[in-house]
Amino acid sequence: MKRFTRLAAAAVIASLGAGTAIAEGLYTPNLSYRTGPFAATGIPLMNGQADYMAMLNARDGGIGGAMIDFEECETGYSTEKGVECYEKTKGKAIVTQPWSTGITLQVLPKTNVDEIPILAPGYGFSPMADGKVFQWAFNIPAGYWDAADMIVQYIEGQGSLDGKKIVFLHLDHPFGKEPLPLMESLAEQKGFELVPVPVGLKEMQNQSAQWLQIRRERPDYVVMWGWGAMNAGAITEAVKTKFPMENMLGVWWAGHDADLKIVGEDGKGYKSISWSFPNADAPVMADIKKHVVDAGNSQSNEEEMSGVFYSRGIIISAILGEGIATAQKHFDTAEIDPGQLRWGLENINMTEERISELGLDGMVPPFSTSCSNHTGHSGGWMLEWDGEKFVKVSDLLTANVDNYAELIASSASEYADANAPWPVNEDCEG
Amino acid sequence: MLNDIFVAPFVDMFAAPDFLMQVLWEGLVSGILYALIALGFVLIYRSSRIFNFAQGIMVVFAALTLVGLHAMGVPAWICILLTLGVMFVLAVVVERVVLRPLVGQPDIILFMATIGITLFLIGLGEIIFGGENKVMITAELGIPTGSVLLEPFGGLLILEQKDITAVIVAALLVVGLLIFLNKTRMGRAIRALGDDHQAALSVGISLQTIWVLVWFIAGIIALVTGIAWGARAGVSFALEVIAYKALPVLMLGGLESITGAIVGGLMIGMLEKLFEIYWGQPLLGGNTETWFAFVLALIVLLFRPQGLFGERIIERV
């Protein structure tokens, strides 16, 4: 009994100690999804994010002297669970990372009231680029409309799009529908026919109907807005129907090594736009290995760590880290609050030099943000599957943001009107 | 509009008969796989009146076990045997730990227990195998992976060899199952339990043995289904979602009918493809497969509440 009492007392003291440590850190919850139908794509991303933060804690003692309290709240990619996670973590969080366009759209109005920045790197609602209207939301370093524009630009580089037919194969989900307004606008401008083909969540692994339609339509290109099991389903059907893989291009979430490994050599030529790229020789990888992997604190493995999604997870945490560091420097305090982090995220200047200082050489293009530009519009590289891995097949592509700046502004304003009263950052001049 | 509904689709079918054949083939492949999942539900329901919510996750668990064992260096065919062993152990554990203590409880309690089994298997599967997408060991199992190109009516018909294999194996499994249920002592015992629980028990049929047996058969079906679906787009927890496609099959065919599961699966597989291609995509923007089967099943239920092949419900008041 005495022993039990001692153990119980030790447990209480330990938990209090842990609580104190957490209270002193910067709480950056991640609304992760390591389970459910999208887990296969979620796991490497979450591992990359977690390993980068663990590396900063181990190597530098956190950021600017403050430890990072990086905690995951499992959503299984369910919007309802995501909102629950947001509510559960918002009390002491300096940021929320919702990890799904559906969850982002749900928490978007809430963050105005709770005054917590949403960090949705490469996903979420494209008009979030308008920082004046979406003052608490960031989709750094590039949004879906940037992706759609860059993909269309790349295709146009192969020849005029006038009279061509492009199938837009997308998940029938807020994420999949997100680029449709821009794709429709581009179709009108460039004279190509756009054929949207939706894939239901229950049909992700059985897309024979969608690919029969593609066979019937005989498109010149297929642009895929896929996620999770949809990617592998689409790529295997494309191989099966003998669709030329070099004419199939996906968004950055449809460029996961594990999906392509299912078809291996048959997937050669498939492309995916990406604002991140793995670089095994980058100093950050050596530091993660030394401080996290070798210490037995990583959930990842060598194969996963060489993939596109793991390295993207690293970049996502690096963006958050840079926002934190920028805010700490400006406000001269290690323990920043959500409002200060917002300022930090609005003033990131990720130059080539800074990328190199962070040890991220070749892993992310340069970009900068401002109070009116919450995306950064970094641009990206076109990656191609060579049968074993993704390789870069283009120089840095940059989106013609000016071409759809008006669409961003009008969509943002439409959203604000539909959700009135919507607070706008009147101090933001651009 | 009337032309688009009643004339144009049929003109399209006649104009491109090779394409129509491709649509029917894809529907047949999907249908037979739906039928397999539905069979797992039916077998368990017939013998125990339990609607087994865990059938979908059993497909994932069986496929993950197979692939996971192979990743450990076990030869493919030994993996099959070991996976069958795992599914047998699972059947025994389910009967001992979950079903036996709940004998005599209302159906809803047993149904909830299968939801518990689902959650347990999801957690166990993720802990042991992880949530990453895995490649099915198609080649190692000797499943051919090329395609057969035919040119009916001067057109093109593509038949994937792994789909042909899936259809043949599924058909053999169904035939074997029907022979087992109709011609063997144990099979007849399962049917007897389905027909009249009390009468079956009174003649000495062991409830426990039959439950283990049907859960094991459902496990075998899950393994075959997992291999067939996994060969198409990898093995991941997303496969579980496919089990929901079996629900309209059950509504259509009847929860207790093996013939209903087979006919219902094939009907839904083919009709949903035909509807999607010739009506859904041109008129409704596509993705009708998510709801078509349910609407079809509901229409059938309006006229036959017990499903096409279910037993007529007679309530004495």
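Please read all numbers here as calculations on a predicted model, not as lab measurements.

A. Structural view of the interface of chain B and chain A. Counting residues at the interface gives 35 residues for chain B, matched by 34 residues for chain A. Only helix 3 (17–48), helix 6 (107–129), strand 2 (157–160), helix 10 (207–233), helix 11 (239–242), helix 13 (258–284) and helix 14 (289–303) of chain B provide two or more residues apiece to the side of chain B that touches chain A. Counting residues per element, the side of chain B that touches chain A draws most heavily on helix 3 of chain B, at 5 residues. A per-class count over the side of chain B that touches chain A returns 14 nonpolar, 12 polar and 9 charged.

B. Representation of the domain arrangement of chain A. All names here are of chain A. Taken domain by domain, chain A consists of domain 1 (25–143 + 279–379 + 406–418) and domain 2 (145–277 + 383–403). Of note, the centres of domain 1 and domain 2, computed from C-alpha atoms alone, are 25 Å apart. Opposite the 30 residues of domain 1 that make contact, domain 2 presents 31 residues. Residue assignment for the side of domain 1 that touches domain 2 shows that the elements contributing at least two residues are helix 2 (39–60), helix 4 (101–114), helix 13 (308–331) and helix 16 (401–418). Residue composition of the side of domain 1 that touches domain 2, grouped by class: 14 nonpolar, 15 polar and 1 charged.

C. Expanded view of the UniProt feature "transmembrane region" (unreviewed entry) in chain B. Residues and elements named next belong to chain B. As recorded in UniProt, the sites labelled "transmembrane region" (unreviewed entry) are residues 20–43, 50–69, 75–99, 108–129, 164–181, 210–229, 249–271 and 283–303. Structurally, residues 50–69 comprises 75% helix and 0% strand, and the distance from its first C-alpha atom to its last is 31 Å. Helix makes up 100% of residues 210–229 and strand 0%, and the two end C-alpha atoms of the span are 28 Å apart.

D. Spatial organisation of the sheet that holds strand 13 (residues 390–392) of chain A. All names here are of chain A. Reading across from one edge, 6-5-7-8-9-12-13 is the order of the 7 strands in this open sheet, with mixed pairing throughout. If you trace the sheet from one side to the other, it starts and ends with strand 6 (193–199) and strand 13, each paired once. On average, each strand axis in the sheet is inclined to that of its neighbour by 25°, with strand direction left out of account.

E. Highlighting the environment of L255 of chain B. Residues and elements named next belong to chain B. The residue L255 is located in the loop between helix 12 (246–253) and helix 13 in this model. Here the alpha-carbon distance between L255 and Q22, two residues 233 residues apart in the chain, equals 30 Å. What L255 contacts, discounting residues up to four positions off in sequence, is V42, Y45, L250, G307 and G310.

F. Looking closely at the nonpolar core. Counting residues in each nonpolar core, the largest one holds 230 residues, and the members touching the most others are L33, A38, A63 and V214 of chain B. Shared between two domains, this core holds at least three residues of each, these being domain 1 (25–143 + 279–379 + 406–418) and domain 2 (145–277 + 383–403) of chain A. With near-sequence residues (within four places) excluded, V214 of chain B lies in contact with L43, I44, S47 and I190 of chain B.

G. Expanded view of the UniProt feature "domain: Leucine-binding protein" (unreviewed entry) in chain A. Taken from the UniProt record, the annotation "domain: Leucine-binding protein" (unreviewed entry) applies to residues 31–387 of chain A. When the span residues 31–387 of chain A is considered, its composition is 44% helix and 11% strand, and the gap between its end C-alpha atoms is 33 Å.

H. Spatial organisation of helix 6 of chain B. Residue and element names in this part refer to chain B. Taking 1.5 Å of rise per residue, 23 residues should cover 33 Å, and helix 6 covers 32 Å from first to last C-alpha, within 8% of that figure. Those residues of helix 6 that are buried are in contact with helix 4 (55–71) and helix 5 (76–99). Downstream of helix 6 by one or two residues, G130 has phi in the positive range, about 80°.

Reading the values: the criteria
Residues numbered from 1 in each chain as written. Chains lettered and ligands numbered in written order. Predicted model: local features only at pLDDT ≥ 70, side-chain atom pairs only at ≥ 80, totals over all residues. Contact = placed C-beta atoms within 7 Å. Helix = DSSP H or I, 4+ residues; strand = E, 2+ residues; numbered from the N terminus. Nonpolar A, V, L, I, M, F, W, Y, C, P; charged D, E, K, R; others polar. Domains from an automatic or database assignment. UniProt positions renumbered as here; feature names shortened; annotations may be inferred. Pairing = 2+ DSSP bridges. Axes fitted to C-alpha atoms, helices over the stretch in contact; angles between N-to-C directions. Core = buried A, V, L, I, M, F, W, Y, C linked by C-beta atoms within 7 Å. Buried ≥ 20, exposed ≤ 12 C-beta atoms within 10 Å, placed from the backbone. Expected span 1.5 Å × (residues − 1).

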